[in-house]
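Notes for the structure review
The chain contents come next:
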Amino acid sequence: MKPAPFIRHVPKTLDEAVKILAQVAPQDGRVLAGGQSLVPIMAFRLAKPAHLVDINEIDGLDRIASDGTTLSIGACVRHGAFHKSVVGNPLGALLTFVARHIAHYPIRMRGTFCGSLAHADPSSEWCLTAATLDATIVARSTRGERPIPAREFFAGIMSTALAEDELLAEVRLPLLSPDTKFGFNEFSRRAGDFAMSAALVTYRLQGGKIAEARVGVGGAEPFPRRIAQAEAALNGQPPGDKAFRAAAEAAANAVEAMEDHQTSAEYRRDLVRAVVRRALEHSNR
Amino acid sequence: MSAREQHTKGSGLKWVGRAIRRLEDPALVTGQGRFTADLPAAHWVRFLRSPSAAGKIESVKAPQGATMITATDLKGVKPILPMLHKFSYRPVPQQILADGEVRFVGEAVAAVVAASEEEAEDIADAVELVIGDATPVVDARAAVASGAPQIHAEAPGNVILEGRIKTDGFDGVWAGAHKIVKVDARSRRQNATPMEARAAHAAYDAATGRVTLTCTTQMPHLMRTAIADVLGMPESDLRVIAPDVGGGFGQKMSLCAEYVVLVWLARKLKSSVAWTEDRRENLIASFHSRDQTIALEGAFDKDARLLALKADVLSNIGAYSCFPTTSGVEPLMAMAEMPGPYDFRQYECRARGAITNTCTMAAYRGVSRPVITFALERLMDKAARAFGLEPVDIRRKNLIGTFPYVSAAGLKFDEASYKQTLEMAVEHAALPAFRKRQAEARKQGRYLGIGFATFSERTGYGSPAFTARGMAITPGWETVHVSVDPSGFIEARIGSSPHGQGLRTTLAQIIADELGVEPHKIKVIHGDTDTAPYGWGTFASRSLVISGGATLIAARKVRAKLIKIASTMLEAAADDIVLEDGQAKVAGTDRTVSIAKMAREAYTQTHRFKGEIEPGLSESGTYDPPGTFSNACHVAIVEVDVETGRTRIEKFLVAEDAGRIINPMIADGQVHGGIAQGIGNALLEEIVYDDSGNPLTATLAEYMPPTAREVPEIELHHIETPSTESITKAKGLGEGGCIGAPAAIVNAINDALSPFDIVIDEMPATPQRVRAALRKAGAA
Ligand SMILES: Cc1cc2nc3c(=O)[nH]c(=O)nc-3n(C[C@H](O)[C@H](O)[C@H](O)COP(=O)(O)OP(=O)(O)OC[C@H]3O[C@@H](n4cnc5c(N)ncnc54)[C@H](O)[C@@H]3O)c2cc1C
């Protein structure tokens, strides 16, 4: 379980990083961020990159900034940065709640938000967050900067719209209106395991009725996405068991659930139903 | 005051019975532990492992300039060929490196040698290995079905062993029974998953021509014997050291072909060579366990008393047989111990071991008993339901109560407390209150359940028990040398090989009481064939009973000698001498002499004791007991989430009796660890193969031992019934945790789901399986 030989490059600036990446990408060069996904994959020799562009020593990539409408998260911001709220907005509390479900403490202190998006595990909590909140993902290369809407970013299991010479420089999440409610729930076999299904919901209440509902589901399909049918089942309804169950049912029916040797599609849909309803219950606290 | 404290008080012992801190821990918790992989080596090995479950090896080609050995290089090295003189056992040879044919994914085909682990892996990656197509057999039932491909020519029908027993008069009792209750129990396959996977380091000494093999093992002496046999070398040319060992659980009591390769290479290269197994190798190619189905039927009379038991046991033993126990260990233990702690006279059993194209099965903490206890305790719960009884009531009716008791399978049980531990558990679990809470919760759509498991744990058995098994290698006894050096320091050299059990502490407690010294002044030396007496190592809940007994015998001899010396030096009658506080004292006077002074005399003034004692202060004790049964009642309270199928353990409670407890903290730790592994068996851990024999659970992301978050607080209660079969009065307790926990947990799940009228008789009871059962029953 030792990786195949590789050359590690340690750029000090973003410009330098994308320059090196442009050179080495055609020879299976890859970005190394927190290493919490890439290093295990290399140890198993499932990946044998010849070059690693280590971005950990680039100044300023660990920046989290808010301009009043969006929250920008730099490429080296670790999961652990969200253990405490990073912004005085419901988004801050949402990120803190979600972050606690990612892996285990030591992994959260190394793994990065942007690395999770680039890695695009179907179960990733940050991918679910980005999809549900319609984040903007900012790709950088020697060709310049390219903002990609989350909806267009995820392409399949561990596959994204990033070109091989593009570095994910930052992700931008829209701040939520102050009256936004959110709820999150996930199911995994053990604490800290990748979720077998996860749901993130947000909405506002207008005259006691749900408005602007967002229901995101992760872990069930090759990549997380918003489920329009579940959102439709919520909008205009008063929050409560009836609407929540209807939305959960709609989500369970809408997903094209993945199967594996232990998990049937049927079971995965059971989980989607459960996590959506529980996320909605969580929102209604 | 607890029962235990009273007992310890009454024992008149100062150190035995006290929860002193473990003497081995300061080094371990400050990073001073020494493990095999810490040793530097000139060469590193990477094993090239078969990617196919079955097939002929057509070619193995190493890249140019690489050092690689295959079976061809090992001509003259004997295969591993464990033997059992029992029933129809068929010896099947395992070549040290696959010779001509592979039989499971992960089997070592070649060893690549390089200057570093990384380089060795790079070279192994570049080896071209071609294996022909063949049809593997993965499932035990498929393996024993007619027409299945034959895995070993030596074992027709892929049956390594088939044993049958039946008591006289069985058929009549069976025919006259009031009710027959059935259970089809199945435990999926597990891996013991020690924190430290396997590792070995072999170093050649040019001055003596000897090889020192440092390896992570539970039985260094037997490794020396076995490796010397296979390589055809004198044992005196091989020294085996087990340094700190990061868990074994049985996985490290079998001979590994890899260790043989290391010793061969060290002699060939006249150098040092090392191998550290990675987790993937450990999960697919070390040893597996538990894969067993038991079709169990019980015949009851109209008062719910068990009259007769009929069992059909089928163990999937994998591709080879393990040395020394053989892979007959699971089916045979199932046959011998199936009757459990219940009182009935008629028993019929067929037990088979099926050879398959999967990793070889070996002992794992509890060996078979987690599965037989699961089957039997499921049967008891099902019978209780059939008779409309509380599960505890059917146990009250059927547990053994008079001793000694000879089971329907012929095992002799010494005095224990089956009924008392059950009552103790019922009381602490507050059963009536729980039933009320359960009923309330159901009204809110929450499903709570309680599960009981009562069981016996055979421990500390010596050579008589192993003789009955018919093993060609018959382990059992232990020898301990206790000596006081001329400066008065005490050491015990033992043949057991503790690797986490805390034996350095508990044996020191035993010696401390005999010699009147403090335990931390006593060194226990083990795990080195050059410095420790021949012994069988640590497994089967044996070490405290057997090595502890041998320690007591040796310490008593040293004590007798010290008293003689003291009576000469103090000019007092032997009967008036007491040993305490590191001194001999004449009772009722202030005349004393220190152990240090006596020890110095024993070595340097031997003329003073001429004709009375032998020079020196070193004595040896050997102990070979028949075995003693511990017992316990485990209780699990669970909540099953019917929407997702997940089980959460709300509370786990144990009432346990392991005879005299030498160190309560260590005893509790053993039970806790076992329960954690039992939780894995019950809910989480499963080695999965696809139909082609490819392991699908090759990392710890797929193979799921419980983490601290999945293990609840455990409440322990003890009764101490002093053993009459063990001179320290202690019984073993290393395996009970994982024997009882799975049955208690799955019984609790079934209790929780009783409104749906579904049955879960398979472990692990994963969320997927629970949901599937609920769905099948049309419930939710
Ligand atoms: C035991 C364990 C449990 C885990 N559980 C979870 C879990 O429950 N939920 C979860 O979401 N994750 C989990 N993870 C994964 C963890 O969160 C990773 O940190 C995350 O997936 C990747 O982030 P990273 O910074 O470590 O990326 P790396 O491992 O460094 O890289 C991952 C991939 O993304 C690419 N990459 C990384 N950063 C960039 C960038 N800025 N631009 C372009 N490409 C980039 C790399 O080239 C590589 O291909 C777990 C990991 C482990 C080891």
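Cut-offs applied
- Residues numbered from 1 in each chain as written.
- Chains lettered and ligands numbered in written order.
- Predicted model: local features only at pLDDT ≥ 70, side-chain atom pairs only at ≥ 80, totals over all residues.
- Heavy atoms only, no water.
- Helix = DSSP H or I, 4+ residues; strand = E, 2+ residues; numbered from the N terminus.
- Rg over C-alpha atoms; globule rule 2.2 N^0.38 Å.
- Buried < 20%, exposed > 50% of the residue type's maximum accessible area, 1.4 Å probe, protein only.
- Contact = heavy atoms within 4.5 Å.
- Areas by Shrake-Rupley, 256 points an atom, 1.4 Å probe, with all protein chains shown as cover.
- Lys, Arg positive; Asp, Glu negative; His and termini not counted.
- Charge placed at Lys NZ, Arg CZ, Asp CG, Glu CD.
- Phe/Tyr/Trp six-rings, centres within 6.5 Å; stacked < 30°, edge-to-face > 60°.
- Lys NZ or Arg CZ within 6 Å of the ring centre and 35° of its normal.
- Near = heavy atom within 4 Å.
- Polar contact = N/O pair within 3.5 Å; in protein donor to acceptor, adjacent residues only side chain to side chain.
- Nonpolar A, V, L, I, M, F, W, Y, C, P; charged D, E, K, R; others polar.
- Domains from an automatic or database assignment.
- Buried area = accessible area lost by both parts, 1.4 Å probe.
- Salt bridge = Lys/Arg side-chain N within 4 Å of Asp/Glu carboxyl O.

**Things to note about the overall build of chain B**
- When helices and strands are tallied, chain B shows 20 helices and 29 strands.
- Radius of gyration (C-alpha) of chain B: 27 Å, near the 28 Å computed for a compact globule of 780 residues.
- Every one of the 780 residues in chain B was classed for burial, and the buried ones make up 62%.
- Contacts spanning at least 24 positions in sequence make up 80% of the contacts within chain B whose residues lie at least 6 apart.
- Carbon and sulfur atoms make up 50% of the accessible area of chain B, which amounts to about 27,700 Å² in all.
- On chain B, the mean spot of the 86 positive side-chain charges and the mean spot of the 93 negative ones are 3 Å from each other.

**Observations regarding the packing of aromatic side chains**
- Applying the stated criterion to the full structure yields 22 aromatic pairs over all chains.
- Centre to centre, the rings of F466 of chain B and F539 of chain B are 6.2 Å apart; their planes meet at 65°, and the pair counts as edge-to-face. Here the residue F466 of chain B occupies a position in helix α14 (residues 463–469), and F539 of chain B occupies one in the loop between β21 (522–525) and α16 (543–570), the gap between them amounting to 73 residues.
- An aromatic cluster is defined as three or more aromatic residues linked by ring pairs; in this entry it consists of F403, Y405, F413, Y418 and F629 of chain B.
- Above the face of the F182 of chain A ring, R285 of chain A is positioned so that its terminal group lies 4.7 Å from the ring centre.
- Its end group placed over the ring of Y461 of chain B, R458 of chain B keeps NZ or CZ at 5.0 Å from the ring centre.

**Description of the site of the ligand**
Residue and element names in this part refer to chain A.
- Lining the immediate surroundings of the ligand are 30 residues, of which V31, G35, L38, T112 and E125 lie closest.
- A distance of 2.5 Å separates an oxygen atom of the ligand from a polar atom in the backbone of V31.
- Burial of the ligand by the protein chains amounts to 89% of its free accessible area of 960 Å².
- A per-element tally of the shell around the ligand places helix α5 (residues 113–119) first, with four residues.
- The residue makeup of the shell around the ligand, split by class, is 14 nonpolar, 13 polar and three charged.

**Description of the domain arrangement of chain A**
Residue and element names in this part refer to chain A.
- Domains assigned within chain A are domain 1 (7–54), domain 2 (64–174) and domain 3 (181–283).
- Using C-alpha coordinates to define each centre, domain 2 is positioned 20 Å away from domain 3.
- When domain 2 packs against domain 3, close to 2,000 Å² is buried across both sides, 71% of that on carbon and sulfur atoms.
- In terms of surface lost to domain 3, no three residues of domain 2 exceed P122, L128 and T132, which account for 29% of the buried area on that side.
- Here R214 ties to D134 by a salt bridge, and the two come within 2.8 Å at their closest N and O atoms.
- Joining domain 2 to domain 3, the criterion identifies five residue pairs in polar contact (both at pLDDT 80 or more).
- Those elements giving two or more residues to the side of domain 2 that touches domain 3 turn out to be α3 (90–99), α6 (125–132) and β8 (154–156).
- The element contributing the most residues to the side of domain 2 that touches domain 3 is α6, with six residues.

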